[in-house]
Amino acid sequence: MEKRLLLTPGPTMVPPEVAAAEAQPIIHHRAPEFDPIFMRVQEGLQYVFQTKNPVVILASSGTGAMECALTGVCSPGDKVICIEGGKFGERWGEIAKAFGMNPIREAVEWGTSVQPDRIKELLEENPDAKAVCITHCETSTGVLTDVKAIADVVSKTDALLLVDAVSSLGAEELRMDEWKVDMVVTGSQKALMLPPGLAFVALSQRAIERSQKATCASYYFSLKKYLKNLEKKTTPYTPAISLILALEKSLEMIKKEGLENIWARHAKLSSAIQAGVQALGLKIYSQVASHVVTPIWVPEGIEGKAIPKKLRDKYGVTIAGGQAQLEGKIIRIATLGYATLFDATTGICALEIVLKELGYKFEEGAGIRAALKVFMEK
Ligand code: PMP
């Protein structure tokens, strides 16, 4: 028998009640019955983003929201500071380049995060920069960036702060309005507990104003068009109706549990994973570990790619391997979105079994005991 467990930093597991909501008969998005659903979804999104402004909903993956956000507030030739400490940070620079902007690509050592003082220096060196693009949780390295401190620096300048929170929104604390963040983008397939296919762009008043002057080429992802349609409580094109029905349900679940409790749950689950793997003698890769995903060095003498492969093929447990320069060198375990203590402990349990099969020497049961201890402690 096969029972699958997804411990990846997206896509993540979908609660049965969300899947059931998605399976409802299709309703028409221009019919009156869709209006209250769209309104409830807007309200729920504002809660998750911690903003009073409307949130744009796109039928795309998270990258579409990154493109929509950046092209929506910038023009060709604009200087854009892009912080690149991993695969996803690099994407901001690539988008800026593709649309004829002038990206200032700041490389940050993988496994570490950019410091707010460095952002301050970059803005002093580039006073004409129109935007600063950062990644909240750099999913490829597991590193968390201090958005609050960076927003404090950027909000005092004319540059807008764009935050890729594709893997972190709803898992890590992020208070958009209070922290003065201009744009936050995310995707549906992470902490929002939905299948892939929806992406979101939230904007500050400053960003909304800037969007009216931006002249980057775009058509389907024209931010201006989405904002104009939001005034009429709709989207310019056919929305992914079934996913929006599912979103209504997941937002209801998020509201019921409470954001602070959800952030705390993610913190606890990732602590359990960290404690578990460290008790097995494994080392954490990143210096500033997020609660989204735990990156772990593959122990010496073990074939890196064999761990996720065996876990998935033999035991039905999917974790992530390393990307780009980290391929085969790290594994990444996530307890993101619809995850509980039993998912975390099952993950450690399966890891122990596979590590033993691969010939790694450790004290059997030490990982699972350490992980459980995190939950047993007051
Ligand atoms: N940014 C981050 C931080 C991500 O984790 C991901 C997805 N792994 C993306 C961007 C890209 O999102 P998508 O694959 O949904 O386009």
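Cut-off values and rules
- Per chain, residue numbering runs from 1 following the sequence as it is written.
- Only residues with pLDDT of at least 70 get local features here, since the model is predicted, and only at 80 or more are side-chain atom pairs given and counted; chain-wide, interface and lining totals rely on the full set of residues.
- Excluding hydrogens and water, the side-chain values take into account all heavy atoms of the structure.
- Site definitions follow a grid-based scheme: protein atoms alone, a 1 Å grid, a 1.4 Å probe that fits but cannot get out for cavities, and for pockets an open set with protein on both sides within 12 Å along at least five of seven lines, plus lining residues having an atom within 4 Å of a point.
- Grid points are joined across faces, edges and corners, and a volume is the space filled by probe spheres set on the points.
- In the scheme used here, Gly and all other residues not listed as nonpolar or charged are polar, with Ala, Val, Leu, Ile, Met, Phe, Trp, Tyr, Cys and Pro taken as nonpolar and Asp, Glu, Lys and Arg as charged.
- Summary of the distance rule: residues count as near a molecule or strand when at least one heavy atom falls within 4 Å of that molecule or strand.
- Each polar contact in these results corresponds to two N or O atoms within 3.5 Å; when the atoms are within protein, one needs to be able to donate a hydrogen and the other to accept it, and residues that are neighboring in sequence are counted only if both atoms are side-chain atoms.
- Methods summary: accessible areas were calculated by the Shrake-Rupley approach with a probe of 1.4 Å, and residue burial reflects only the protein chains presented.
- For the purposes of this entry, the term helix denotes a DSSP run of H or I that reaches at least four residues, the term strand denotes a run of E that reaches at least two, and both are numbered from the N terminus.
- Two strands are counted as paired when DSSP detects at least two bridges linking them.
- Every axis corresponds to a line fitted to the C-alpha atoms, with the helix fit spanning only the stretch in contact, and the corresponding angles, defined between N-to-C directions, vary from 0 to 180 degrees.
- The contact rule is simple, with two residues in contact once any of their heavy atoms fall within 4.5 Å.
- By nonpolar core is meant a set of buried Ala, Val, Leu, Ile, Met, Phe, Trp, Tyr and Cys residues that side-chain atoms within 4.5 Å join together.
- With a 1.4 Å probe rolled over the protein chains alone, any residue whose accessible area is under 20% of its type maximum counts as buried; one over 50% counts as exposed, and the rest are partly exposed.
- For the domain bounds, the source is a domain assignment made automatically or taken from a database.

This next bit is on empty space enclosed by the protein. On inspection of all chains with the given rule, the structure shows three cavities of 30 Å³ or more. By volume, the largest cavity is sized at about 110 Å³. Across the lining of the largest cavity, the residue classes break down as five nonpolar, six polar and one charged. Computed from the structure, the second largest cavity encloses a volume of approximately 60 Å³. Along the walls of the second largest cavity sit Ile57, Leu58, Ala59, Leu198, Tyr220, Tyr226, Thr235, Tyr237, Thr238, Pro239, Ala240 and Ile244, which together make up its complete lining.

Turning to the site of the ligand, a few remarks are in order. Lining the immediate environment of the ligand, one finds 14 residues, of which Ser61, Thr63, Thr139, Asp164 and Gln189 sit closest. Between Gly62 and the ligand, the recorded distance is 2.8 Å, taken from a backbone N or O atom to an oxygen atom. Lys190 has a polar side-chain atom sitting 2.8 Å from a nitrogen atom of the ligand. A total of 400 Å² of accessible area belongs to the ligand in isolation, and the protein chains cover 86% of it. Considering every element that reaches the shell around the ligand, the biggest residue donor is helix α3 (residues 62–73), with three residues. Along the lines of polarity and charge, the residues of the shell around the ligand split into four nonpolar, seven polar and three charged.

Another point: the sheet that holds strand β3 (residues 79–84). In spatial order, the strands read β2-β10-β9-β8-β5-β3-β4; together these seven strands make up an open sheet with mixed pairing. Every interior strand has two partners, whereas the edge strands, β2 (55–58) and β4 (102–107), have only one. On average, each strand axis in the sheet is tilted by 20° relative to the strand beside it, whichever way the strands run. Sheet topology note: the strand β8 (residues 160–164)/strand β9 (residues 183–187) ladder contains three bridges and is parallel. Residue pairing in the sheet places Asp164 in a bridge with Val185 of β9. Helix-sheet contacts for α3 involve β2, β3, β5 (131–135), β8, β9 and β10 (199–203), and the interaxial angle to β9 is about 160°. Each of β3, β4 and β5 is contacted by helix α5 (residues 116–125), which is oriented at about 155° to β3, the strand it contacts most.

Residues Leu70, Ile119, Leu162 and Val201 are the most contacted members of the largest nonpolar core, which totals 86 residues. Counting residues per element, this core draws most heavily on helix α10 (residues 241–257), which supplies eight residues. Counting residues domain by domain, this core receives three or more from each of domain 1 (5–9 + 258–376) and domain 2 (16–257). Filtering out sequence-adjacent residues up to four positions away, Leu70 remains in contact with Val80, Trp92, Ile95, Ala96, Met101, Cys133 and Leu162.

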